[in-house]
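# Chain and residue survey
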Amino acid sequence: MHENKYEFMSILSLTFHCPEAVIKNWEKYFNQQLLQSIQGLKSIHQHIFSEVYSEMINEGKNYNLLLFFNTSSDRDDFLNSELLHLKDTIETIFSGEVMTFATLLNAISSSL
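Residues numbered from 1 in each chain as written. Predicted model: local features only at pLDDT ≥ 70, side-chain atom pairs only at ≥ 80, totals over all residues. Heavy atoms only, no water.

## What to know about the overall build of the chain
Convention followed: Each helix is a run of DSSP H or I of at least 4 residues and each strand a run of E of at least 2, with the numbering of both proceeding from the N terminus. Only the protein chains shown count as covering a residue, and every accessible area follows the Shrake-Rupley method with a 1.4 Å probe.
For the chain, the count of helices and strands is two helices and four strands. Overall, the chain shows an N-to-C arrangement of helices and strands of β-α-β-β-α-β. Considered along the principal axes of its C-alpha atoms, the chain spans approximately 50 × 30 × 20 Å. Carbon and sulfur atoms provide 50% of the accessible area of the chain, an area that totals close to 7300 Å².

## A short note on the packing of aromatic side chains
Under the convention used in this document: Note on aromatic pairs: the rings of Phe, Tyr and Trp (six-membered ring only in Trp) are paired at centre separations within 6.5 Å, and the planes decide the class, stacked below 30 degrees, edge-to-face beyond 60, tilted for the rest. The classification of residues rests on relative accessible area computed with a 1.4 Å probe and restricted to protein chains. Under 20% of the type maximum is buried, over 50% is exposed, and intermediate values are partly exposed.
Inspection of the entire model under this criterion finds eight aromatic pairs. Ring centres of Phe16 and Trp26 lie 4.8 Å apart, and the angle between their planes is 40°; this geometry places the pair in the tilted category. Pair noted here: Phe16 is in strand β1 (residues 10-18) and Trp26 is in helix α1 (residues 23-39), with a separation of ten residues, a long-range link. Take Phe16 and Trp26: they sit in the same class, and that class is buried. An angle of 40° between the planes, with centres 6.3 Å apart, marks the rings of Trp26 and Tyr63 as tilted. Residue Trp26 is located in helix α1, and its partner Tyr63 is located in strand β3 (residues 61-69); the two are separated by 37 residues in the primary sequence. The pair formed by Trp26 and Tyr63 is uniform in burial state, with each residue classed as buried. Of the aromatic side chains, those joined through ring pairs into one cluster are Phe16, Trp26, Tyr29, Phe30, Phe49, Tyr63 and Phe94.

Here it is in structure tokens:
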């Protein structure tokens, strides 16, 4: 089996659902605050931020932030501290209109 650099990496997928009415404010928040916070965390090895296109979504828009951690303990630390702070901040700014969903991914195989 070919070993790759992500074989032992832990990944966290954060999906944010934004109603149409808050998309502009969400994009401003993401670009001016959230992205800088994520880039400043040493526990995050890499990240990918994406718009999510789906035939199932007719209201608003979904965004995904894929976070790559070097270890599962780094990811756990993020889940138990940074993610809680992030959710509280989003709740405060957007009054519960932006929903956040976290999915833990454990790489089994990768061509990265």
